[in-house]
Amino acid sequence: MKKAVPTRFYTRSLSLGIIFYPCLLFSAFESTHFSPFQNAMGGCPFSFFPNTTSILTDPTLLSDQKSIFGSGSFSNKFGINDLYESSFITGTRFKKYGVGLGFTRFGNFIYKESQVAVLSSRRIRDNIIFGGGIMVYNIAIKEYGAASTIGTRLSLRYQMNASLQSVFSLLNANQPQIGKSKEPLPQVISGGILLSPTESVHGQLSILHDISYPISIRLGISWQPINEIGFAVGKTTDPDIFTAGGFIKWKYFQFEFGCLSYTNVGFVTYQAGFSIFRLP
């Protein structure tokens with residue numbers, strides 16, 4: 001076993017009392033909160049587009065904001081109502097910096113994880129963007145108590161040429177722990193290549209390594225036949241997931257949707273999200 005997991009929201013959702021699972025389960029704050037289109041492109045830890053909740057895991061794109069935006073996403077992990085996830089972010093550009101404020105939530109009224117993130121980025125050269133953030137993690141269990149701690153995120157984006165970018169991210173380099181048991185929060189190293197051979201086709205090859213788990217390889221491709229519509233498919237390893245989804249854009253509003261099919265357990269997660277940009 002890699003991490004011990006309390007029997008929490010699973011009991012209420014299935015009304016079967018205490019259930020023991022024969023496989024590894026998520027521990028505290030191991031939900032990634034990717035945007036629907038990030039998940040559709042193979043759970044890519046980085047983003048091709050600003051103005052979405054992908055900024056939560058890739059703050060480098062904040063530096064390219066031209067106006068205020070707001071974005072959110074919603075899902076029930078594995079299709080189970082009590083495994084509810086949501087995320088919201090708003091951001092803009094202030095002088096030479098992009099700035100953002102984000103919120104995430106996972107769980108139900110018995111067990112709840114939440115996070116507040118303050119993010120920023122700046123273009124330090126024409127082809128290099130540096131981003132970072134401070135996160136306040138909070139976990140609350142009904143009739144048991146609550147605990148908080150602080151984590152960090154560092155990101156770097158390098159524009160290699162007009163169609164190729166490399167991105168690197170480090171989550172929780174400060175090694176935060178939470179609760180009386182001093183449970184370590186996930187420390188995640190991510191890196192990837194983002195390819196845009198044309199304005200309508202994008203591809204990504206990335207790795208994500210939570211140091212408590214094997215390296216996960218992520219592959220995805222998207223096609224945007226017209227400016228208002230885009231589609232994506234992808235694949236991840238460890239865990240083994242097939243992904244698909246897309247987006248529809250109308251003026252200053254964008255709707256995203258994603259689908260993750262977990263091969264090993266037979267569950268499907270559906271995710272929806274929205275973005276509103278160019279706010280006054």
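On the secondary structure map, Ser54 appears in the loop between α2 (36-40) and β1 (68-76). A distance of 2.8 Å separates polar atoms of two side chains, one belonging to Ser54 and the other to Ser47. Excluding residues that lie within four positions of it along the chain, Ser54 makes contacts with Ser35, Gln38, Ser47 and Phe49.

This structure, assessed with the given rule, holds 2 cavities of 30 Å³ or more. One number sums up the size of the largest cavity: a volume of about 90 Å³. If you go around the largest cavity, you meet 13 residues; those closest to its centre are Phe37, Gln38, Ser47, Phe48 and Phe49. For the lining of the largest cavity, the secondary structure elements donating two or more residues are α2 and β15 (253-262). For the lining of the largest cavity, a count of residues per class yields 6 nonpolar, 6 polar and 1 charged. By volume, the second largest cavity amounts to about 30 Å³. Contributing to the lining of the second largest cavity are Phe29, Ser31, His33, Thr104, Phe106, Glu113, Ser114 and Gln115. Of all the elements in the fold, those that place two or more residues in the lining of the second largest cavity are β3 (97-107) and β4 (111-125). For the lining of the second largest cavity, the leading source of residues is β4, giving 3 residues. Taken together, the residues of the lining of the second largest cavity break down into 2 nonpolar, 5 polar and 1 charged.

The next subject is the pattern of salt bridges. The tally for this structure, following the rule as stated, stands at 4 salt bridges. One salt bridge in this structure joins Asp58 and Arg157, with 2.4 Å as the shortest N-O distance. Here Asp58, found in the loop between α2 and β1, pairs with Arg157, found in strand β6 (residues 145-161); they are 99 residues apart in sequence, far enough to count as distant. When its relative accessible area of 0% is taken as the criterion, Asp58 is described as buried. Note that Lys77 is salt-bridged to Glu85, the shortest N-O span being 3.6 Å.

Reported here for the second largest pocket is a volume of approximately 730 Å³. Surrounding the second largest pocket, 25 residues form its lining, Phe48, Phe49, Pro50, Asn51 and Lys249 being those nearest its centre. Here the element with the most residues in the lining of the second largest pocket is strand β16 (residues 268-279); it accounts for 3 residues. Partitioning the lining of the second largest pocket into residue classes produces 7 nonpolar, 11 polar and 7 charged.

Attention now goes to the pairing of strand β2 (residues 84-94). Where β1 and β2 come together, 8 bridges link them in antiparallel fashion. The residue of β2 that forms the bridge with Ser71 is Ile89. Hairpin connection between β2 and β3: a loop of 2 residues separates the two successive antiparallel strands, and Lys95 in this loop has a positive phi of roughly 55°.

Criteria and cut-off values
- Residues numbered from 1 in each chain as written.
- Predicted model: local features only at pLDDT ≥ 70, side-chain atom pairs only at ≥ 80, totals over all residues.
- Heavy atoms only, no water.
- Helix = DSSP H or I, 4+ residues; strand = E, 2+ residues; numbered from the N terminus.
- Polar contact = N/O pair within 3.5 Å; in protein donor to acceptor, adjacent residues only side chain to side chain.
- Contact = heavy atoms within 4.5 Å.
- 1 Å grid on protein atoms, 1.4 Å probe; cavity = no way out; pocket = protein on both sides within 12 Å on 5 of 7 lines; lining within 4 Å.
- Points joined across faces, edges and corners; volume = space filled by probe spheres on them.
- Nonpolar A, V, L, I, M, F, W, Y, C, P; charged D, E, K, R; others polar.
- Salt bridge = Lys/Arg side-chain N within 4 Å of Asp/Glu carboxyl O.
- Buried < 20%, exposed > 50% of the residue type's maximum accessible area, 1.4 Å probe, protein only.
- Pairing = 2+ DSSP bridges.

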